[in-house]
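# Per-entry structural report
As a plain string of letters, each chain reads:
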Amino acid sequence: MFVGRDSELAKLEEMYASGNFECAVIYGRRRVGKTALITEFIKNKKAVYYTGTETNAKENLENLSRAILGTDKTGQAAPVYAGFQDAFDAVYDRAGTSRLIFVIDEYPYVASSYQGFSSVLQKQIDLKFKNTRLMLILCGSSMSFMENQVLGYKSPLYGRRTAQFKIKPFNYFETRLFFPRWKPEEQALAYGVSGGVPQYLAFFNSGKSAADNIKRNFLDPAASLFEEPANLLQQEVREPAHYNAVIRAIATGCTKNSEIADRTGLQTSALAVYLQNLISLGIIVK
């Protein structure tokens, strides 16, 4: 079941209908439903969907080659392009005069595996893609990477986007759509414990009570979400222990910088960085 994201889908459809070259940047914290949004949008449309992986440039080029040649589903061995420039040229050839959507999901992974990736893509956009009806979508979960190295003015891709979408968790009214048979109190409880994150809500069974779902998904040590807070921080930050300390201090009532610094033992200057990163990740709010 696909829920919400009406405004985002409407804007993407508007861009698709323009018939011109478009470049959409979609980013947001992990588990927030970026891939689900893109999958819903490209349904029944001509598209090349490629997901970058946290590996080296060689494997990312191989995976991109398979995605372009459409051999992922058949399991056939795909020829590998000589380089990313050749792969982009193949996309250019496929676009031709027809509408084609080219999705690069988990963009930070592939861009990190090959330092010149963004520059090669920028050159391709300027010299070739802009003259086609291609719709390019760049998607990523690393907030800092997407904001600084894709949207930032120092990025080779700066100024190439035609729209950007910062995908946020659902609000209460969107969350309650998952549980139309629940009472408002239970819907509010589901929103409170999930933060409106779609992937967490997907674990809920609407046929059971909110309390049963919380016990099964959050409090059972064997549940997939039991270790989620620690796993999320480990994926996003370099010093999860310090971030955990800051979150614990805030959770126990320390709301001023001085109070948090006293509780955690961190210097105020260092604390400011941790707080800003947690705000950027959508974990705390000033």
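Calculation notes
- Residues numbered from 1 in each chain as written.
- Predicted model: local features only at pLDDT ≥ 70, side-chain atom pairs only at ≥ 80, totals over all residues.
- Heavy atoms only, no water.
- Salt bridge = Lys/Arg side-chain N within 4 Å of Asp/Glu carboxyl O.
- Helix = DSSP H or I, 4+ residues; strand = E, 2+ residues; numbered from the N terminus.
- Buried < 20%, exposed > 50% of the residue type's maximum accessible area, 1.4 Å probe, protein only.
- Core = buried A, V, L, I, M, F, W, Y, C linked by side-chain atoms within 4.5 Å.
- Contact = heavy atoms within 4.5 Å.
- Disulfide = S-S within 2.5 Å.

## Regarding the pattern of salt bridges
- Summed over the entire model, instances satisfying the criterion amount to eight salt bridges.
- Among the salt bridges present, the one from Glu13 reaches Lys45, with a minimum N-O distance of 2.9 Å. Here Lys45 lies in the loop between helix H2 (34–42) and strand E2 (47–51) and Glu13 lies in helix H1 (residues 6–18), a separation of 32 residues in the sequence.
- Residue Glu13 is classed as partly exposed on the basis of its relative accessible area, which comes to 34%.

## Here we look at the nonpolar core
- Core analysis: the largest hydrophobic core is formed by 52 residues, its most contacted members being Phe88, Phe102, Ile104, Tyr107, Leu121 and Leu138.
- For this core, the element with the highest residue contribution is helix H4 (residues 84–95), accounting for six residues.
- Each residue touching Leu138, except ones within four places of it in the same chain, is listed here: Cys23, Ala24, Val25, Ile26, Ile104, Tyr107, Leu121, Met146, Val150 and Leu157.
- Counting residues in each nonpolar core, the second largest holds 18 residues, with Ala24, Ile101, Val103 and Phe165 among its members.

## Observations concerning the state of the cysteines
- Applying the stated rule across the entire model yields zero disulfides.
- No disulfide involves Cys139; its sulfur sits 12 Å from the nearest other cysteine sulfur, which is in Cys23.
- Judged by relative accessible area, which is 0%, Cys139 ranks as buried.

## Brief notes about the environment of Ile283
- Among the structural elements, Ile283 can be located in the segment after helix H15 (268–280).
- Distance from Ile283 to Arg29, taken between C-alpha atoms, is 9.5 Å for residues 254 residues apart in sequence.
- Not counting residues within four places of it along the chain, the set of residues in contact with Ile283 comprises Leu233, Ile247 and Leu278.

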